[in-house]
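Structural description and commentary
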Amino acid sequence: MTQRDLHSEFLRADLFLAMGQPIEAARLLEPLVEAEPANEAALELLARAYFGSAQLTRAEDALTRLVEMAPANGWARRALARTLERQSRPGEAVAHHRVADALGAA
């Protein structure tokens with residue numbers, strides 16, 4: 001895929017997510033993240049798509065990667081905490097909530 005194709009797919013995925021179609025968004029984003037594993041924006045959008053479609057294990061994996069890539073990303077910390085909570089793992093979520101709070105994340 002060319003950079004232009006990747007960007008177009010990202011925009012399409014963002015639109016699908018905005019339209020309430022997270023599964024379709026994830027389908028578009030998976031090859032994009034595979035092609036550009038260091039693309040934090042694509043990984044974040046993929047995590048949102050997984051979370052929005054209740055694919056919580058996949059959301060956790062994507063958010064864990066995002067937190068490893070960008071430890072000061074308060075949004076990713078908060079989203080990871082919420083993902084863990086939805087999987088009935090509130091004890092694991094506490095540390096991520098604390099870091100998100102310290103970073104001023106909503």
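Just so we're clear, the structure is a prediction, and the values are computed from it rather than from any experiment.

1. Some remarks on the packing of aromatic side chains
As enumerated under the stated definition, the model contains zero aromatic pairs in all. Positioned over the ring face of F51 is R86, at 4.7 Å from the centre of the ring.

2. A closer look at helix α2 (residues 22-35)
Compared with an ideal rise of 1.5 Å per residue, which puts 14 residues at 20 Å, α2 spans 20 Å between its outermost C-alpha atoms and is within 8% of the ideal. Maximal helix bending in α2 amounts to about 30 degrees, located at L29; proline P31 follows within four positions. Listing the buried residues of α2 in full gives P22, A25, A26, L28, L29, L32 and V33. Looking at the buried side of α2, the elements it contacts are α1 (3-18), α3 (40-52) and α4 (56-69).

3. Concerning the environment of A54
Relative to the assigned elements, A54 resides in the loop between α3 and α4. By relative accessible area, A54 is classed as partly exposed at 47%. Taking the C-alpha atoms as reference, A54 lies 9.1 Å from T83; in sequence the two are 29 residues apart.

4. Here's the deal with the confidence of the model for the protein
Across the protein, pLDDT averages 95, with 99% of residues at or above 70. Across the protein, α4 holds the top mean pLDDT of 98, while α1 sits lowest at 92.

5. A closer look at α1
Over its 16 residues, α1 runs 22 Å from end to end, which matches the ideal 22 Å to within 8%, given 1.5 Å per residue. If you check which residues of α1 are buried, you get L6, E9, A13, F16 and L17. Axial view of α1: buried residues confined to an arc of 95 degrees, hence all on one face. Opposite the buried face of α1, by more than 90 degrees, sit the exposed residues Q3, R4, L15 and A18. Looking at the buried side of α1, the elements it contacts are α2 and α3. Directly beyond the C-terminal end of α1, a positive phi value near 80 degrees is found at G20.

6. Topic: the nonpolar core
Ranked by size, the top nonpolar core spans 28 residues in total, and within it A13, A25, L29, L46 and Y50 carry the most contacts. Counting residues per element, the ones that place at least two in this core are α1, α2, α3, α4 and α5 (74-86). The dominant element in this core, judged by the number of residues it contributes, is α3, at seven residues.

About the thresholds
Residues numbered from 1 in each chain as written. Predicted model: local features only at pLDDT ≥ 70, side-chain atom pairs only at ≥ 80, totals over all residues. Heavy atoms only, no water. Phe/Tyr/Trp six-rings, centres within 6.5 Å; stacked < 30°, edge-to-face > 60°. Lys NZ or Arg CZ within 6 Å of the ring centre and 35° of its normal. Helix = DSSP H or I, 4+ residues; strand = E, 2+ residues; numbered from the N terminus. Expected span 1.5 Å × (residues − 1). Bend = angle between axes of the 7 residues up to and from the residue. Buried < 20%, exposed > 50% of the residue type's maximum accessible area, 1.4 Å probe, protein only. Contact = heavy atoms within 4.5 Å. pLDDT = per-residue confidence, 0-100. Arc of directions from axis to C-beta. Core = buried A, V, L, I, M, F, W, Y, C linked by side-chain atoms within 4.5 Å.

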